[in-house]
Each structure stands twice: as C-alpha cells, then as structure tokens.
Amino acid sequence: MIIRFYGVRGSTAVPGAHTAKYGGNTSCVHIELENGHDLVLDAGTGIRCLGQKLAKKPTPVSILLSHGHWDHIQGYPFFAPIYEPGRDINVYIDVESQHQMLCSLFEQMDGSNFPVKAEDLPSNGVCKFKGVESELYEREGIKVIKRPINHPGGGIAYKINENEMTCAYVTDNELDPPYAMETNYDEWVKYLQGVDVMIHDAQYTEDDMPHKHGWGHSLISQVRQLATDAEVKLLVMFHHDPDRSDSELDEIQIENENYLKSHRAPARSVCAAEGLSITLTKPILGGETHIDIG
Ligand SMILES: [Zn+2]
Ligand SMILES: [Zn+2]
C-alpha cells in the first residue's frame, strides 16, 4: 500500500513562497492499493495533479469523501479521469446521512459555477455506499470502516485495511468540541488503536484558541496525545492552517519528535507535505508492517 499526498492544506488553497515546501493545495490523498486499485481520499485542489497521473489508466477510481466543504471538493471539476469516456469513477458516500456531501460534489458542476455540467460528463460516476451497510465497505481484499467526525455539518473518517496494513484518514475532526460529539475521545482511541498510519487534522495551535474553538479542527497537542494513547505507528499531521508557514511547520515537526520521544510513544511523526509518500509492506512471514517514509 502506497499513500501519496497531493493536497495537505485546510480551508483554502495557499500557493506562495511561504508554503512552497509543504504545499498550498487543499485536501487530497491517493492510496495505491496492492490489488492495483486507486483510492482517493477527498477532492480538494490537490486532486488536479493526481488526475494527470491517473488519466488513461484502465482501472476504476474510487473516491471517499470526508465531507462536502469546499476545501474537500473544489478540485473535482479539474480531475482529468472524469472527462474520459466510460471511465468508472466510484464515489463512496452514505446517501442517507451525507446527501448534502454528494450534492456539493456534483452541484458545483451546474453550468453556472463551472462551465461543464456534471450530467454531461462522459465518465461513469457511480454512487456506492448506502444506508446501514455504510459502516463497513469490504471488497477485493480491502475493508473500509467508517466513523462520524466532530465537525460543523458532519462528515466521515475512514480506516482502510488491506492485508492487515491500516491507514486511518481523520480530517476535519475536533477532538474536544463545545458542541455534542459524534465520536468521543475514548471511541477515537479504540477506533485508531494500533493503526500503522493515522492521518489526522492538526490545524490549530494553542495561540488560535479560544477564538477558533468550535470551528471543527483539533489542536496539534491533542493529536499528539491521541497518537500516543492509540499507539499508532506513524502520525501524519494534516490539514495545515492556511496561515501556517513552512518554517512554522518545521518547528512543529521538531516539537512533535521531541514530544513523542519524551513520552516513549511508539509513534513516529511527520507533517504532511505535497509529494510525501508512505509505503507500507507486510513481511512475507507476517509480523509488523514496514513503514517507509519518502
Ligand atoms: Zn477542511
Ligand atoms: Zn470542513
């Protein structure tokens, strides 16, 4: 399983000299599965570059959306495979609870907000997840387990398991919100227990509070604590604040390493960056997953 980052920024795209190292595109992560399929987590502006890579492949593309906010859907109209005649684009979504999410993905292509209409696309856009079965999606050797996030408007976290290698994608999640929680801290610890890679929203520092309490994102310090308590192997800090510069993220990276070392946490930590890739492999004789960061 190879995890590649194409967009790591929260809220809005921020190109420029101060974000050149970690990248300015909004959320998009590509998982190349061992079964040859391509799984795409969110369709922020980063999906445009990924689309150039996936264009002209014969295999279907599966997209899992966390929720329908702009920074998770705005790249979709620029995703090259949707313009390929007959290409299968499977958007996995819980139709009952996430109808709004589906609408925002396709309704932005209405001829007014974007010149091409969704109904005129030559590819096959199919909606797969439905109602009660949505807790677990299991197909061709992969299992996806969902969990509701704490975020204004709601949304979904995904835990992807292939051949006992696991990657959890938990973005736009507020671990300690002032509103009613969909998933509490202990439930997160249980859901994420021992995963190989935890990609988690880490948008805010203590300086952003209390002004941004309730905006649907977590403190970096809370995410470190969660990684420690859940004994994850690799913590990936994700959904960086648009105002966070490269040099600030460098400092956060050092702080994280020191924190995890001093707390004897099993986790390693990395700040997500465009171009970062993480390769998971399982030894032939079984045992711990190898995690290579490149
Ligand atoms: Zn977001
Ligand atoms: Zn959001």
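Here goes a summary of the coordinates provided. Here the structure is a predicted model, which means the values were calculated and not measured. (Residues numbered from 1 in each chain as written. Chains lettered and ligands numbered in written order. Predicted model: local features only at pLDDT ≥ 70, side-chain atom pairs only at ≥ 80, totals over all residues.)

## Remarks on the overall build of the protein
So, point 1. Broken down by element type, the protein carries six helices and 15 strands.
So, point 2. A compact globule built from 294 residues should have a C-alpha radius of gyration of about 19 Å, and the protein, at 18 Å, falls within 12% of that.
So, point 3. Of the contacts formed within the protein by residues at least 6 apart in sequence, a portion of 66% connects residues at least 24 apart. (Helix = DSSP H or I, 4+ residues; strand = E, 2+ residues; numbered from the N terminus. Rg over C-alpha atoms; globule rule 2.2 N^0.38 Å. Contact = placed C-beta atoms within 7 Å.)

## Details of helix α5 (residues 220–229)
So, point 1. Taken residue by residue, α5 has Ile220, Val223, Arg224, Leu226 and Ala227 as its buried positions. All buried residues of α5 fall inside an arc of 160° around its axis, so they share one side.
So, point 2. For α5, the secondary structure elements touched by its buried residues are α4 (185–192), β11 (197–201), β12 (234–238) and α6 (246–262).
So, point 3. Just downstream of α5 lies glutamate 231, where phi reads positive at about 55°. (Buried ≥ 20, exposed ≤ 12 C-beta atoms within 10 Å, placed from the backbone. Arc of directions from axis to C-beta.)

## Structural notes on the pairing of β11
So, point 1. Of all five residues that make up β11, five are buried, and the element is covered over most of its length.
So, point 2. Residues Val197, Ile199 and Asp201 of β11 are buried on one face, and the alternating residues Met198 and His200, pointing to the opposite face, are buried as well.
So, point 3. Bridging between strand β10 (residues 165–170) and β11 involves four bridges; their strand directions are parallel. The partner of cysteine 167 across the bridge, within β11, is valine 197.
So, point 4. Once you follow β10 into α4 and on to β11, the crossover reads as right-handed.
So, point 5. Of the pairings in the sheet, the one linking β11 to β12 comprises five bridges and is parallel in character. (Pairing = 2+ DSSP bridges. Right-handed = clockwise from strand over helix to strand, strands pointing away.)

## Focus: the nonpolar core
So, point 1. Core analysis: the largest hydrophobic core is formed by 67 residues, its most contacted members being Met198 and Ile199.
So, point 2. Other than its neighbours up to four places away in sequence, methionine 198 contacts Ala168, Val170, Leu192, Ala227, Val232, Leu235 and Val236. (Core = buried A, V, L, I, M, F, W, Y, C linked by C-beta atoms within 7 Å.)

## Side note on the pairing of strand β14 (residues 277–281)
So, point 1. Burial along β14 is one-sided: the residues Ile278 and Leu280 are buried and none of Ser277, Thr279 and Thr281 is.
So, point 2. As judged from the three bridges shared by strand β1 (residues 2–7) and β14, these two strands associate in the antiparallel manner. Residue pairing in the sheet places isoleucine 2 in a bridge with threonine 279 of β14.
So, point 3. Bridge count for β14 against strand β15 (residues 290–293) is four bridges, and the pairing is antiparallel.

## Quick notes on unusual backbone geometry
So, point 1. Note the cis peptide between methionine 209 and proline 210, where omega equals 5°.
So, point 2. Mapped onto the elements of the fold, proline 210 is located in the loop between β11 and α5.
So, point 3. Of note in the backbone geometry, serine 11 takes a positive phi value of approximately 75° without being a glycine.
So, point 4. Serine 11 sits in the buried class, given 20 other C-beta atoms within 10 Å.
So, point 5. For asparagine 163, which is not glycine, the phi dihedral falls at a positive 50°.
So, point 6. Within the secondary structure, asparagine 163 sits in the loop between β9 (156–162) and β10.
So, point 7. Take asparagine 163: there are 15 C-beta atoms within 10 Å of it, and that puts it in the partly exposed class.

## Digging into the environment of glutamate 231
So, point 1. Relative to the helices and strands, glutamate 231 resides in the loop between α5 and β12.
So, point 2. Along the chain, glutamate 231 and glutamine 193 lie 38 residues apart, while their C-alpha atoms are 6.0 Å from each other.
So, point 3. Each residue touching glutamate 231, except ones within four places of it in the same chain, is listed here: Gln193, Gly194 and Pro266.

## Remarks on the environment of valine 29
So, point 1. Along the chain, the position of valine 29 falls in strand β2 (residues 28–32).
So, point 2. Judged by C-beta crowding, with 28 C-beta atoms within 10 Å, valine 29 ranks as buried.
So, point 3. Sequence separation of valine 29 and phenylalanine 5 is 24 residues, and the distance between their C-alpha atoms is 4.7 Å.
So, point 4. If we ignore the near neighbours within four places in the chain, the residues touching valine 29 are Ile3, Phe5, Tyr6, Leu41, Asp42, Tyr169 and Ile199.

## Concerning the environment of glycine 51
So, point 1. Position of glycine 51 among the secondary structure elements: in helix α1 (residues 47–54).
So, point 2. With residues up to four places along the chain from it excluded, the contact list for glycine 51 reads Phe78, Phe79, Ala80 and Pro81.

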